[in-house]
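Reading the structure
Here is how the chains run, residue by residue.
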Amino acid sequence: MAKQMEARGAAAKLGLPPGSAVHVGAVSDPTRVVVTSWGEGPPQRRILAPEEAPPAPAPGRLVWVDVAGLADAARVRALAVGYGLDALLVEDILHTGQRTRVDAEGTGLFMILRLPRTGDDPLDLADEQIAVFLAEGVVLTFREHDDEGLFAPLERRFGRRGHAPSGADVLGHAVADLVVDHVFLVLERLADVEEELEALVLERPEALPRAALHRLRQGLLLVRRGIAPLRGELAELVREGHPLLGRQARHYLRDLLDHVLRAVEEAEAMRETAAGLTDAYLAALGQRTNEVMKLLSLVATVFLPLTFLAGVYGMNFEHMPELHWRWAYPAVWLVFVAVAAGLVWWFRRRGWL
Amino acid sequence: MAKQMEARGAAAKLGLPPGSAVHVGAVSDPTRVVVTSWGEGPPQRRILAPEEAPPAPAPGRLVWVDVAGLADAARVRALAVGYGLDALLVEDILHTGQRTRVDAEGTGLFMILRLPRTGDDPLDLADEQIAVFLAEGVVLTFREHDDEGLFAPLERRFGRRGHAPSGADVLGHAVADLVVDHVFLVLERLADVEEELEALVLERPEALPRAALHRLRQGLLLVRRGIAPLRGELAELVREGHPLLGRQARHYLRDLLDHVLRAVEEAEAMRETAAGLTDAYLAALGQRTNEVMKLLSLVATVFLPLTFLAGVYGMNFEHMPELHWRWAYPAVWLVFVAVAAGLVWWFRRRGWL
Amino acid sequence: MAKQMEARGAAAKLGLPPGSAVHVGAVSDPTRVVVTSWGEGPPQRRILAPEEAPPAPAPGRLVWVDVAGLADAARVRALAVGYGLDALLVEDILHTGQRTRVDAEGTGLFMILRLPRTGDDPLDLADEQIAVFLAEGVVLTFREHDDEGLFAPLERRFGRRGHAPSGADVLGHAVADLVVDHVFLVLERLADVEEELEALVLERPEALPRAALHRLRQGLLLVRRGIAPLRGELAELVREGHPLLGRQARHYLRDLLDHVLRAVEEAEAMRETAAGLTDAYLAALGQRTNEVMKLLSLVATVFLPLTFLAGVYGMNFEHMPELHWRWAYPAVWLVFVAVAAGLVWWFRRRGWL
Amino acid sequence: MAKQMEARGAAAKLGLPPGSAVHVGAVSDPTRVVVTSWGEGPPQRRILAPEEAPPAPAPGRLVWVDVAGLADAARVRALAVGYGLDALLVEDILHTGQRTRVDAEGTGLFMILRLPRTGDDPLDLADEQIAVFLAEGVVLTFREHDDEGLFAPLERRFGRRGHAPSGADVLGHAVADLVVDHVFLVLERLADVEEELEALVLERPEALPRAALHRLRQGLLLVRRGIAPLRGELAELVREGHPLLGRQARHYLRDLLDHVLRAVEEAEAMRETAAGLTDAYLAALGQRTNEVMKLLSLVATVFLPLTFLAGVYGMNFEHMPELHWRWAYPAVWLVFVAVAAGLVWWFRRRGWL
Amino acid sequence: MAKQMEARGAAAKLGLPPGSAVHVGAVSDPTRVVVTSWGEGPPQRRILAPEEAPPAPAPGRLVWVDVAGLADAARVRALAVGYGLDALLVEDILHTGQRTRVDAEGTGLFMILRLPRTGDDPLDLADEQIAVFLAEGVVLTFREHDDEGLFAPLERRFGRRGHAPSGADVLGHAVADLVVDHVFLVLERLADVEEELEALVLERPEALPRAALHRLRQGLLLVRRGIAPLRGELAELVREGHPLLGRQARHYLRDLLDHVLRAVEEAEAMRETAAGLTDAYLAALGQRTNEVMKLLSLVATVFLPLTFLAGVYGMNFEHMPELHWRWAYPAVWLVFVAVAAGLVWWFRRRGWL
Ligand SMILES: [Mg+2]
Ligand SMILES: [Mg+2]
Ligand SMILES: [Mg+2]
Ligand SMILES: [Mg+2]
Ligand SMILES: [Mg+2]
Ligand SMILES: [Mg+2]
Ligand SMILES: [Mg+2]
Ligand SMILES: [Mg+2]
Ligand SMILES: [Mg+2]
Ligand SMILES: [Mg+2]
Ligand SMILES: [Mg+2]
Ligand SMILES: [Mg+2]
Ligand SMILES: [Mg+2]
Ligand SMILES: [Mg+2]
Ligand SMILES: [Mg+2]
Ligand SMILES: [Mg+2]
Ligand SMILES: [Mg+2]
Ligand SMILES: [Mg+2]
Ligand SMILES: [Mg+2]
Ligand SMILES: [Mg+2]
Ligand SMILES: [Mg+2]
Ligand SMILES: [Mg+2]
Ligand SMILES: [Mg+2]
Ligand SMILES: [Mg+2]
Ligand SMILES: [Mg+2]
Ligand SMILES: [Mg+2]
Ligand SMILES: [Mg+2]
Ligand SMILES: [Mg+2]
Ligand SMILES: [Mg+2]
Ligand SMILES: [Mg+2]
Ligand SMILES: [Mg+2]
């Protein structure tokens, strides 16, 4: 189930000065740093050894430092500070549970993104924090998990000679775009789940798994929370511009903003549908209960009086004249049938049958 | 049922560079291109052969290129790019599932519209993406389905000599107006459905088809989502103006904006009513269940004690003095009647009968 | 019941050019035109014959042309165009189902108002469109129904010599004010209904008429929709001013705006109350059902075991030693009483009795 | 119960010209006018005789005219007009049911305040309109009821020599502050009620008085409606300033605005809590019903089969071999016990017991 | 349970002049004043004797006066006024129940913060008012409880030589930051509770403690109310700046604002989840009731007719031919089995089993 507060550990930070770089959050993967650089010649991509100094930015060169796994907080901190990140931003990188935002105040451009991911069960949702820092000729990415496949599409796109990103801005956009693409991917999987649940609720409410609707709503809440703040943040960035943003990247960001709007609307509509399904489920249950109650009521109303009557003639009083009448037994059967028929007719008239 | 996410296929686009013209969406119709041109002489309308070059814009001439069916993505792409559309816009044309918007940033004016349509069952709603591009002397329309009837009213209005649209702006307005007219058409059909469901809920809740209210709400959600963004987009266009927009088209757009506001209000009110009907249905079910329960309770409360009593005198103990009393049997009947009458009286007093 | 979409007929207008003056809406009354004019001498009021030309505006004269009933669309159109109304506005006059608005863009001042009216049953609500056009020395009013009584208060106020309205603006305000007064009238009737329903829900939920709450909510929705847009429209008019608006009329409009705010708040609060009543009704039903169920449960829990026991000693086995014991029968009665008393005691302890 | 629309009587005002000073509203108290004036010497306070002229403002003097009871509409009107109030404002004073507002457009400063008051039962809420008019050296207050105690705190504060208010602005603030203090008083009483109802809902839902929650919500709605508009109105007054407002009064008003914000938040939170209690009550009822149903189900499921079996061996067929078996009776008891035990075990396993 | 209105006692303040320093609120701790000062040499920290004068601000010195416990209102008042606080602010300090706000209008910077705290039971929530006043070289803090541990982290951070805060602004930020850290702490504890309740609702709804969900929602409401106003207030402070705010403190405040946004979003999401759990609980109850009802219905529907039949053959009529048939008894058993099997089959077919 989607966890309520991903980054626990507030107690550990109580009253610490701002910028204390303690890693707070779920257990992170071991830190692996991959450096890709584009300049003259083909792109170069290699794993940075722990003790090795990261490459400095240089004119005509673009360096991408991808930090996968935040377990080695000291190394992450040293690396980030080495590229000029403010201590407060380093804190946010390590304290994974930040809200999505774009921070354009310092020298560079800093983004917190939240990447939603599902397990085999689409309702097993979690989200991972991805921090991106852009400066002249440098892109840094920090992510909680060392998942090689995540950035593979970027390597395919920019990995061949002549396909270098035109600047940090274009590479930064590509990362954000990838995250938004993942949001759509997750929304699609959730939409499939929602359609299945919809069919169940409307056709066979009894078969609905107990927690399914609640988990779906929680999942959509998680996705929405991760992407929604990007609307305002991107709109501001596009409107205000930034020294690092070239014409093309800005054009791309406008398109990205549109995707974000679409994703949020999608998530909202799905949440509305899920809420509607909860209502529909309650209505379906109420209607089933009502049906069953009507049957029970009918059976009891018909048979309780009859059973009583049978009970009366089962009494052992000495003086019960009817017991000795010749046609009493058939007459009682007539009464039985008449009472039952009358009650059924009355039920019909009331619209209960 | 209204599908949650029309354009699936996020996986196919993961990490692709912006502007990749892959057709993503439901299977589209084969591409058919119809060119209409107004200039000197009568309007000319013909189907463009696949290999044929589309006509270039020329002074004193208005060309309308209607692309019906997007299956041939390459052809669509070539055609759009030929008229100067940006790669990002071409992508949106082919990736049908975009949100409604007006894009006035480039050289032309680009609109995504969503056309709602019902099948024989008004609740079988789907919406089709219609992209419109306006430039000097040129109008392009791109739509998912090759439905000849859709634009027939425009052909009737502009198809006779002397009735040429005064510019791309007027023709563009006419397309948008047609879409909004369809929205009203669909809302009317849904309003009929809603009135029928309202009558059922209030008169015969048992007869309400299981999924009807949910489907109605989903349909209204779809219609609302398709039209609501147009409020802000049109208001901005009217307020800011655009080089392509003449005085008359702007006047028309103001009127269109008013229609859009009306359609959204209509849809909102219908959604509110539908939500109210869900509440009313639950209340009606609750009230039915309550009625049935009261009957059941009455019958059981009256007959269970009586049956018990009859059972007592049906016991076979050797020493049961009452069995031998002369008037025991009539006396027991008196008790039966008294108990029953007392309970009925008590029910009455409690307001349960 | 309040109809969802008053003005049906979208199909008839599909793709028509803007400004097509087709009457679309409920069947309207036959057109009757009453002209009142104030100038030197006493006010003059007369019915305009169908072929007669309406009076032209003149300096020092105020002319009010009241068009009651829109059945004769051609005459309405000619008359409106004669006074300089735009074709798009004429279309809105005839297509009765427009949303409330104020249109200050052209030469005159155009208003769509919606007049709510109840029948004998306050919940039989409908609303009528009243279009008002103001120009220098001229006021035009267009309304769906030829109801002589509607404007009677205005005739009383302005009909005597020396009481002429000081200009088109003051007369226009008087019409709008009358509509808002009617809104309060309708809200008062609905408030009476709401109080009655409130008493029923809280005192005798079973007696609540089936559809009453739903109809009340629908009625309030209709009233609110008709008046709410006037808030923004009047506020803008008062803020921006208009060449036709004199100091006094603007002062009056500010007051009217305050009435409108009050009416909307009233309607909102009544809607909230009505929603609360729906909740209260469900709670009351639930509580009734709960009470009845507890009784049923008690009766069944007490008598089913007793009846079983009686049944046991009604069995006809040859070898049942108890049947022959001397005090068996009184002993069984003791058991009966003990079991019943124990169960009642246990119910009491659980708080179910 | 809080009445929906305090000031009925819309019909009486239909089409009247603006500024018609008809008293419309609940029956008001007889008009009593108290004049207090501060100048040289001790403050003077006396009741103004009906025929007496109210004191004119003079330099160095502050006059407070408190009109308690609006029954004598003519006198109220004459008095108000005498101090320069606009006819539209006089109308609002007499038509008690206005919404809370501040009107800073004319020469003076006009306020409508709504004073909530409870009877012995805190849920017996009503609100009274208090109109305040400030001009240079003059404060007028108009209130529906002639309640001597209401302004007593002001007399205590300003009634001693040397404690004169420094101007009309400070006295006006004191009146508004008193109204807001009353709002807190009423909110406190309602908070006590809410806590009691909360305890009932959570501990003994059956004991909850039928209408209590609904009445609480209605009361909070009334209080909120009366105070909420003051947020915007005061904020504007503080922001824009006014010739009558001195530095100190403006400082005080800022503080008052903060109180108003707090009162509205309080009322909102209490409304949210009350809504939550409605939900909790429904859940508690549902849970009680569920419990009772489980018991009923258990008893019926155990005893109906047993009773049937007993009934079988109570049949009078000639040929029933079991009846003659030696150990049949004990064997049947074994069956009884086994069936009952098995069913109880099965209930346990399903978590129903 | 979270109390609705912490600071009762409105009656005591009715009509008092603004700035009356009466302590209104829950009983407060005895007043203890701790003064810390940083200048040359090591920081000095000591308890101020009741009669002792607090240190005056001096250039090159920073003084922090921490007032813990507000019972001695006179002393608190004297101290605050001595440092130049306005009477209205002193009133707010003593009337603990103010809403969170930042007040930057006077000479200093004044903040009301609300510190949420839980007892052993995380749902035993209360909040304490903390007032902070910043001036040149002086920081005052006023808090309801004399809890030594609360500010301990600040003493650790700033208590060593060479770690003095660079100014009143940095110390003020540290206090606010501590409060926000506590908010996260409380949210974490509530998130744990919510996860437990979620598991209960979805797995074993019967085991859910009666009031738990309601109390959770109330607690989240309290936390949200305390922190939410800080969003706007801090954003304004950061945007507008203030003479007391240095570059570093402003940088820190921006970070704090981000934490506040995150805390509010967290609280909102948890509230949404809690509301969803209420829905899920109702659905689970409904589903349980439905299941139990189906069982009851099945048992009654099968056994009531059988019992009736058994009752019929238990009647004592003289003339009942079946009683004497040779195979009647086995035949009746066949009927019993057939009826039961038929009913079970029918239940299955309806999907009720
Ligand atoms: Mg989370
Ligand atoms: Mg967070
Ligand atoms: Mg988080
Ligand atoms: Mg977030
Ligand atoms: Mg976050
Ligand atoms: Mg619901
Ligand atoms: Mg869609
Ligand atoms: Mg889509
Ligand atoms: Mg959309
Ligand atoms: Mg879309
Ligand atoms: Mg979309
Ligand atoms: Mg609902
Ligand atoms: Mg309507
Ligand atoms: Mg309409
Ligand atoms: Mg309308
Ligand atoms: Mg409308
Ligand atoms: Mg409409
Ligand atoms: Mg009102
Ligand atoms: Mg409801
Ligand atoms: Mg509710
Ligand atoms: Mg009222
Ligand atoms: Mg009122
Ligand atoms: Mg009011
Ligand atoms: Mg109001
Ligand atoms: Mg509180
Ligand atoms: Mg409080
Ligand atoms: Mg607050
Ligand atoms: Mg507070
Ligand atoms: Mg408060
Ligand atoms: Mg709810
Ligand atoms: Mg809900």
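Residues numbered from 1 in each chain as written. Chains lettered and ligands numbered in written order. Predicted model: local features only at pLDDT ≥ 70, side-chain atom pairs only at ≥ 80, totals over all residues. Heavy atoms only, no water.

Looking at an unreviewed UniProt entry, one finds chain A named Magnesium transport protein CorA, with Inmirania thermothiophila as its source organism. For the record of chain A, the UniProt heading Function (unreviewed entry) holds the text "Mediates influx of magnesium ions. Alternates between open and closed states. Activated by low cytoplasmic Mg(2+) levels. Inactive when cytoplasmic Mg(2+) levels are high." Quoted straight from UniProt, the Catalytic activity (unreviewed entry) entry for chain A says "Mg(2+)(in) = Mg(2+)(out)". (UniProt positions renumbered as here; feature names shortened; annotations may be inferred.)

**Quick notes on the overall build of chain A**
Helix and strand content of chain A: eight helices and seven strands. Taken against the 2.2 N^0.38 rule, which gives 20 Å for 353 residues, the C-alpha radius of gyration of chain A at 34 Å runs more than 25% over that of a compact globule. Seen through its principal axes, chain A has C-alpha atoms that stretch 120 × 40 × 35 Å. A fraction of 67% describes how many contacts in chain A between residues 6 or more apart in sequence connect residues 24 or more apart. (Helix = DSSP H or I, 4+ residues; strand = E, 2+ residues; numbered from the N terminus. Rg over C-alpha atoms; globule rule 2.2 N^0.38 Å. Contact = heavy atoms within 4.5 Å.)

**Quick notes on the pattern of salt bridges**
This structure, assessed with the given rule, holds 105 salt bridges over all chains. Overlapping salt bridges bring together Asp92, Arg101 and Asp103 of chain A together with Asp258 of chain E as one network. (Salt bridge = Lys/Arg side-chain N within 4 Å of Asp/Glu carboxyl O.)

**Remarks on the relation of the copies chain A and chain E**
For the pair chain A and chain E, the superposition axis carries a translation of 0.1 Å, the fit reaches an RMSD of 0.1 Å, and the rotation angle comes to 72°. Each copy turns onto its partner about a five-fold axis. Taking the C-alpha atom as reference, chain A places Gly314 of chain A closest to the rotation axis, 4.6 Å from it. A different interface surface on each copy is seen, since only 18% of the contact residues of chain A are contact residues in chain E too. (Least-squares fit on C-alpha atoms with pLDDT ≥ 70 in both.)

**Details of the pairing of strand E5 (residues 109–118) of chain B**
All names here are of chain B. Most of E5 sits inside the fold, with eight of its 10 residues counted as buried. Relative to E5, strand E4 (residues 101–103) runs antiparallel, the two sharing three bridges. When the bridges of E5 are listed, Val102 appears paired with Met111. Hairpin geometry of E4 and E5 is characterised by an intervening segment of five residues between the two adjacent antiparallel strands. In textbook terms, the turn of a hairpin is the stretch between consecutive antiparallel strands, and for E5 and strand E6 (residues 125–135) this stretch comprises six residues. (Buried < 20%, exposed > 50% of the residue type's maximum accessible area, 1.4 Å probe, protein only. Pairing = 2+ DSSP bridges.)

**Concerning the sheet that holds strand E6 (residues 125–135) of chain D**
Residues and elements named next belong to chain D. Sheet architecture is open: seven strands sit in the order E2-E1-E3-E7-E6-E5-E4, paired in mixed fashion. Taken across any chain shown, the strands that pair with only one partner, and hence form the sheet edges, are strand E2 (44–48) and strand E4 (101–103). Across this sheet, the average inter-strand angle for adjacent strands is 20°, counted without regard to direction. Summarising the sheet, strand E1 (residues 32–38) and E2 pair through five bridges and their orientation is antiparallel. Among the inter-strand pairings, Val35 is bridged to a residue of E2, identified as Arg46. (Axes fitted to C-alpha atoms, helices over the stretch in contact; angles between N-to-C directions.)

**Structural notes on the interface of chain A and chain E**
With 67 residues of chain A at the interface, the matching set in chain E holds 70 residues. At the junction of chain A and chain E, the tally comes to six salt bridges. One salt bridge in this structure joins Glu272 of chain E and Arg271 of chain A, with 2.8 Å as the shortest N-O distance. Linking chain A with chain E are 19 residue pairs in polar contact (both at pLDDT 80 or more), by the criterion used here. Only helix H1 (10–13), helix H3 (87–94), helix H6 (212–240), helix H7 (247–312) and helix H8 (328–349) of chain A provide two or more residues apiece to the side of chain A that touches chain E. No other element matches the 19 residues that H7 of chain A contributes to the side of chain A that touches chain E. Tallied by class, the residues present in the side of chain A that touches chain E amount to 35 nonpolar, 14 polar and 18 charged. (Polar contact = N/O pair within 3.5 Å; in protein donor to acceptor, adjacent residues only side chain to side chain. Nonpolar A, V, L, I, M, F, W, Y, C, P; charged D, E, K, R; others polar.)

**Quick look at helix H9 (residues 328–349) of chain E**
The end-to-end C-alpha separation of H9 of chain E is 31 Å, in line with the 32 Å expected for 22 residues at 1.5 Å each. Phi for Gly351 of chain E, located one or two positions after H9 of chain E, is positive at around 80°. (Expected span 1.5 Å × (residues − 1).)

**A look at the pairing of strand E1 (residues 32–38) of chain E**
All names here are of chain E. For E1, the tally of buried residues reaches seven of seven residues, placing the bulk of the element in the interior. In this sheet, strand E3 (residues 62–68) lies alongside E1 in antiparallel orientation, the contact comprising seven bridges. Its bridge partner being in E3, Trp38 is matched across the sheet by Leu62. Counting the residues that bridge the hairpin from E1 to strand E2 (residues 44–48) gives five residues, and of these Gly41 lies at a positive phi of roughly 75°.

**Examining the packing of aromatic side chains**
Working definition: an aromatic ring pair is given by the centre-to-centre distance plus the angle between the planes. Following the criterion strictly, the structure yields 45 aromatic pairs over all chains and no others. On the numbers, 6.4 Å between centres and 80° between planes, the contact of Trp38 of chain C with Phe158 of chain C is edge-to-face. Highlighted residues: Trp38 of chain C in strand E1 (residues 32–38) and Phe158 of chain C in helix H4 (residues 152–158), separated in sequence by 120 residues. Residue Phe158 of chain C is classed as buried on the basis of its relative accessible area of 5%. The cationic tip of Arg326 of chain D hangs over the ring face of Trp327 of chain D; the distance from NZ or CZ to the ring centre is 5.3 Å. (Phe/Tyr/Trp six-rings, centres within 6.5 Å; stacked < 30°, edge-to-face > 60°. Lys NZ or Arg CZ within 6 Å of the ring centre and 35° of its normal.)

**What about the sheet that holds strand E2 (residues 44–48) of chain B?**
All names here are of chain B. Sheet architecture is open: seven strands sit in the order E2-E1-E3-E7-E6-E5-E4, paired in mixed fashion. For this open sheet the edge positions go to E2 and E4, each flanked by a neighbour on one side alone. The sheet shows a mean angle of 20° between the axes of neighbouring strands, direction not considered. The strands touched by helix H2 (residues 73–82) are strand E1 (32–38), E2, strand E3 (62–68) and strand E7 (138–143); relative to E3, the strand with the most contacts, the crossing angle is about 160°.

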